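So you can see what is in the structure, the chains are spelled out below.
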Amino acid sequence: QNNNVSNKKRAEKMIRKEIPATAELKIRHVGFLEMSEFYRWLKRWFEFKGYWDNSNEKSYSETIMPNGKKIDISWSCKKSKTTYFIYHIDVIFLFIGVNTTEVQQADRKVKIEKGDFEIRLKAYLEKNAPDSIFWKFYDRIILKRNIDIYLNELYETTYTLHDQIKAIFDQYVQ
C-alpha cells in the first residue's frame with residue numbers, strides 16, 4: 001500500500017513557475033580590479049549564503065581581442081527555501097578589454113587587471129507546485145503572504161550583494 005502512495009505522488013504533475021524578485025541589476029566599473037580576488041570573494045559569498053554548488057557555473061569563455069581579453073561567465077545560483085520554493089540569483093560577468101598591468105602598492109608592485117567590468121544580477125523565486133485544485137486554493141489564499149515574504153527576502157539579499165559588489169568596485173576608483 002505504501003508503495004502505491006509513493007508511486008502516485010511521483011506521478012502527480014508539477015507546475016513550475018518563475019516569479020521575478022528583481023529586475024536585472026547592472027554594476028559597471030571601468031578601471032582596475034583584482035579579478036581573481038573578486039571571483040573568489042563572490043564565490044565565497046554565495047557559499048556562505050547557501051547558494052553555491054559546483055554546478056553553478058553555466059558558462060565560461062575567454063576571447064583574445066585587439067584591445068585585450070573578453071571574458072564572459074554565467075552563474076546560476078540557487079538555494080532551496082522550502083519543498084516547493086527555490087531562491088535563484090543569476091550572475092553574468094561581462095569583462096571587456098582586460099589586460100594585466102602592474103601597479104605600485106605601498107613598497108611593492110602588484111599585478112592587477114585593467115578593463116571594463118560589468119556584473120549583472122537577476123533574482124527570482126521558483127515555485128514547483130502540484131497541479132491540483134486543492135493546491136491552487138491553498139496557493140491563492142494561504143501561500144500568497146509567504147510568497148510575498150520570500151520575494152522580499154530574496155530582493156533584500158540581491159540588493160545587499162549588489163551594494164557589496166559596488167563597494168568593491170569603488171575601492172578601485174582612482
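The coordinates are above.
Just so you know, these numbers come straight off a predicted model, no measurement behind them.

Attention now goes to the pairing of strand β5 (residues 85-105). Regular strands show a simple pattern: their side chains alternate between the two faces of the sheet. Here 11 bridges tie strand β4 (residues 68-80) to β5, and the two strands are oriented antiparallel to one another. Across the sheet, C77 pairs through a bridge with I89, a residue of β5. Hairpin connection from β4 to β5: 4 residues lie between these consecutive antiparallel strands. Examined bridge by bridge, β5 and strand β6 (residues 108-130) share 19 bridges and lie antiparallel to one another.

Let us now look at the side chain of H162. In this fold, H162 is placed in helix α3 (residues 133-171). The exposure class assigned to H162 is buried, which follows from its relative accessible area of 14%. Setting aside its immediate chain neighbours within four residues, H162 contacts L25, K26, I27 and L121.

This next bit is on the packing of aromatic side chains. Remark: the centre distance and the inter-plane angle together describe each pair of aromatic rings, the angle taken between the planes. According to the stated counting rule, one finds 17 aromatic pairs in the structure shown. Considering the side-chain rings of W75 and F93, the 4.9 Å spacing of their centres and the 70° angle between planes classify their relative orientation as edge-to-face. You can see W75 sitting in strand β4 and its partner F93 sitting in strand β5, a full 18 residues away along the chain. On the accessibility criterion, W75 (1% relative accessible area) is buried. Ring pairs connect the aromatic residues Y39, W45, F46, Y51, W52, W75, F93, F95 and F117, which therefore count as one cluster.

What follows is about the environment of Q164. Structurally, Q164 is set in helix α3. A relative accessible area of 31% means that Q164 is categorised as partly exposed. When the C-alpha atoms of Q164 and L42 are compared, they prove to be 9.7 Å apart, with 122 residues separating the residues in sequence. Non-local contacts of Q164, meaning those with residues more than four positions away in its chain, are made with W41 and W45. At 2.8 Å, the side chain of Q164 forms a polar contact with the side chain of W45.

With that out of the way, let us pick up the pattern of salt bridges. Using the criterion set out here, one finds 12 salt bridges in the structure. The closest approach of N and O atoms between D116 and R28, which form a salt bridge, is 2.5 Å. Note that D116 is positioned in strand β6 and R28 in strand β2 (residues 25-33), a separation of 88 residues in sequence. Within this structure, R16, E18 and E126 form a network of salt bridges that share partners.

Now for the packing of helix α2 (residues 35-49) against α3. One way to put it is that α2 packs onto α3 with a least axis distance of 12 Å and a crossing angle of 160°. Taken together, the axes of α2 and α3 are roughly antiparallel relative to one another. Crossing hand, α2 versus α3: right-handed. The segment α2 lies against α3, with F38, W41, L42, W45 and F46 engaging T157, L161, Q164, I165, I168 and F169.

Parameters and conventions
- Residues numbered from 1 in each chain as written.
- Predicted model: local features only at pLDDT ≥ 70, side-chain atom pairs only at ≥ 80, totals over all residues.
- Heavy atoms only, no water.
- Pairing = 2+ DSSP bridges.
- Helix = DSSP H or I, 4+ residues; strand = E, 2+ residues; numbered from the N terminus.
- Buried < 20%, exposed > 50% of the residue type's maximum accessible area, 1.4 Å probe, protein only.
- Contact = heavy atoms within 4.5 Å.
- Phe/Tyr/Trp six-rings, centres within 6.5 Å; stacked < 30°, edge-to-face > 60°.
- Polar contact = N/O pair within 3.5 Å; in protein donor to acceptor, adjacent residues only side chain to side chain.
- Salt bridge = Lys/Arg side-chain N within 4 Å of Asp/Glu carboxyl O.
- Axes fitted to C-alpha atoms, helices over the stretch in contact; angles between N-to-C directions.
- Parallel < 35°, antiparallel > 145°, perpendicular 65-115°, else oblique.
- Left-handed = near helix turned anticlockwise from the far one by under 90°.

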